[in-house]
Amino acid sequence: MKLLIVLTSHDKLGETGKKTGFWLEEFTAPYYEFLDAGAELTLASPKGGQPPLDPKSSEPDAQTETTARFHKDDNARQALANTVKLSDISADDFDAVFYPGGHGPLWDLAEDADSIALIEAFWKAGKPVSAVCHAPGVLRNVLIDGTPLVKDKRVTGFSNSEEDGVGLTDIVPFLVEDELKKNGGDYSKAADWRSYAITDGKLITGQNPASSKAVAQALLKMLGGAEISK
């Protein structure tokens, strides 16, 4: 089982002068779910090398069992520091793709031609595409035969109320919930900050950081051939 994890290379939070990037828990929870299931993992990002970490995801109240495990794991930290350039990746080499969130993907991966082409290639090959929190925003420009990938599919992602809760509604380039709806997705959500993941066909999306493990487990279940709910 070969899985691709695609992270952001973007570190600027709009014009605020503050830093952003990927959200640590949204990487570590799936990373260890996949690793412990025996998956062979490849990490990629638009620029390659060390992807920027959202500093807020390193604060004490954002730590979890998997983030603590990561900080003690030299192999994982080395893998993260040496991500492959996205332009060098082919969907042919993997069984599925997963995108962790953080605000960074809204600026780069959502517009990145290599990422868009990669998702389209995975989808056309019948391979699972999964994303959590802000990362479902990377689907905004993905078209399958001219139609948005998310059209008429059950999806979730970081909600407008959660974005408002972190005070970034007027900072982000777009709101994930609004964009999924605009592209014809059948968007739903749970209460703010509760775990919520949806599987529709080969598409798996999760609402927020707390949903990261659930998305990873749904992807592993799908790859294991278990029956999935639509």
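Per an unreviewed UniProt entry, the protein carries the name Type 1 glutamine amidotransferase domain-containing protein and comes from Rahnella variigena.

How should I be thinking about the overall build of the protein in this particular structure?
Helix and strand content of the protein: eight helices and 11 strands. Computed over the C-alpha atoms, the radius of gyration of the protein is 16 Å, within 12% of the 17 Å expected from 2.2 N^0.38 for a compact globule of 230 residues. Across its three principal directions, the C-alpha atoms of the protein cover 40 × 40 × 30 Å. Within the protein, contacts between residues at least 6 apart in sequence are counted, and of these 77% link residues at least 24 apart. A total accessible area of about 10,000 Å² is found for the protein, and carbon and sulfur atoms account for 46% of it.

Even after reading the chapter, I still don't get the packing of aromatic side chains, so can you show me in this structure?
Any pair of aromatic rings gets described here by the distance separating the centres and the angle formed by the planes. Counted under the stated rule, the structure contains six aromatic pairs. Ring geometry for Phe27 and Tyr31: centres 5.1 Å apart, planes at 40 degrees, overall tilted. Taken together, the residues span about one helical turn, with Phe27 and Tyr31 both in helix 1 (residues 24–36) at a distance of four residues. Of the two residues, Phe27 and Tyr31, neither departs from the other in class, the shared state being buried. Ring geometry for Phe34 versus Phe98: centroids 5.9 Å apart, planes at 75 degrees, classification edge-to-face. One end of the pair, Phe34, is in helix 1; the other, Phe98, is in strand 4 (residues 96–99), and 64 residues separate them in sequence. Taking the relative accessible area as the measure of exposure, Phe98 reaches 1% and is therefore buried.

Would you take a moment to explain the sheet that holds strand 11 (residues 203–206) for this structure?
Two orientations exist for strands paired in a sheet by backbone hydrogen bonds: parallel and antiparallel. The strand order across the open sheet built from seven strands is 3-2-1-4-5-11-10, with neighbouring strands paired in mixed fashion. The sheet is open, and its two borders are formed by strand 3 (84–85) and strand 10 (197–200), each paired with just one other strand. Lying on the sheet, helix 8 (residues 212–223) is in contact with strand 1 (2–6), strand 4, strand 5 (129–132), strand 10 and strand 11; it crosses strand 11 at an angle near 165 degrees.

Can you walk me through the pattern of salt bridges in this structure?
Here the idea is simple: oppositely charged side chains can pair when their charged atoms come close. Evaluation of the coordinates by the stated rule reveals 10 salt bridges. Put simply, Asp11 and Lys12 hold a salt bridge, and the shortest N to O gap is 3.7 Å. With a relative accessible area of 24%, Asp11 lands in the partly exposed category. With a closest N to O distance of 2.3 Å, Arg77 and Asp74 form a salt bridge. Linking Arg77 with Asp74, this pair stays in helix 3 (residues 74–81), spanning three residues, or about one helical turn. When its relative accessible area of 53% is taken as the criterion, Asp74 is described as exposed. Residues joined by salt bridges that share partners form a network here, namely Glu111, Arg140, Glu179 and Lys182.

Help me out: how do you make sense of the side chain of Thr8 in this one?
Examined against the element boundaries, Thr8 turns out to sit in the loop between strand 1 and helix 1. For Thr8, a relative accessible area of 1% translates into the label buried. Polar contacts involving the side chain of Thr8 include one to the side chain of Asp108, which spans 2.8 Å.

What is the right way to look at the layout of surface pockets in this model?
Left-over empty space is what a probe sized like a water molecule reveals as it rolls over the atoms. In this structure, the largest pocket spans a volume of roughly 480 Å³. Forming the walls of the largest pocket are 23 residues, and the residues nearest its centre are Trp23, Asp54, Lys56, His103 and Val166. Classifying every residue of the lining of the largest pocket gives 10 nonpolar, five polar and eight charged. Taken as a whole, the second largest pocket spans an internal volume of roughly 240 Å³. If you trace the second largest pocket, you find 13 residues lining it, with Ala29, Glu33, Glu65, Thr66 and Lys213 closest to the centre. Breaking the lining of the second largest pocket down by element, the ones donating at least two residues are helix 1, helix 2 (65–71) and helix 8. It is helix 1 that contributes the most residues to the lining of the second largest pocket, five residues altogether. Counted by class, the lining of the second largest pocket contains four nonpolar, three polar and six charged residues.

The rules behind each value
Residues numbered from 1 in each chain as written. Predicted model: local features only at pLDDT ≥ 70, side-chain atom pairs only at ≥ 80, totals over all residues. Heavy atoms only, no water. Helix = DSSP H or I, 4+ residues; strand = E, 2+ residues; numbered from the N terminus. Rg over C-alpha atoms; globule rule 2.2 N^0.38 Å. Contact = heavy atoms within 4.5 Å. Areas by Shrake-Rupley, 256 points an atom, 1.4 Å probe, with all protein chains shown as cover. Phe/Tyr/Trp six-rings, centres within 6.5 Å; stacked < 30°, edge-to-face > 60°. Buried < 20%, exposed > 50% of the residue type's maximum accessible area, 1.4 Å probe, protein only. Pairing = 2+ DSSP bridges. Axes fitted to C-alpha atoms, helices over the stretch in contact; angles between N-to-C directions. Salt bridge = Lys/Arg side-chain N within 4 Å of Asp/Glu carboxyl O. Polar contact = N/O pair within 3.5 Å; in protein donor to acceptor, adjacent residues only side chain to side chain. 1 Å grid on protein atoms, 1.4 Å probe; cavity = no way out; pocket = protein on both sides within 12 Å on 5 of 7 lines; lining within 4 Å. Points joined across faces, edges and corners; volume = space filled by probe spheres on them. Nonpolar A, V, L, I, M, F, W, Y, C, P; charged D, E, K, R; others polar.

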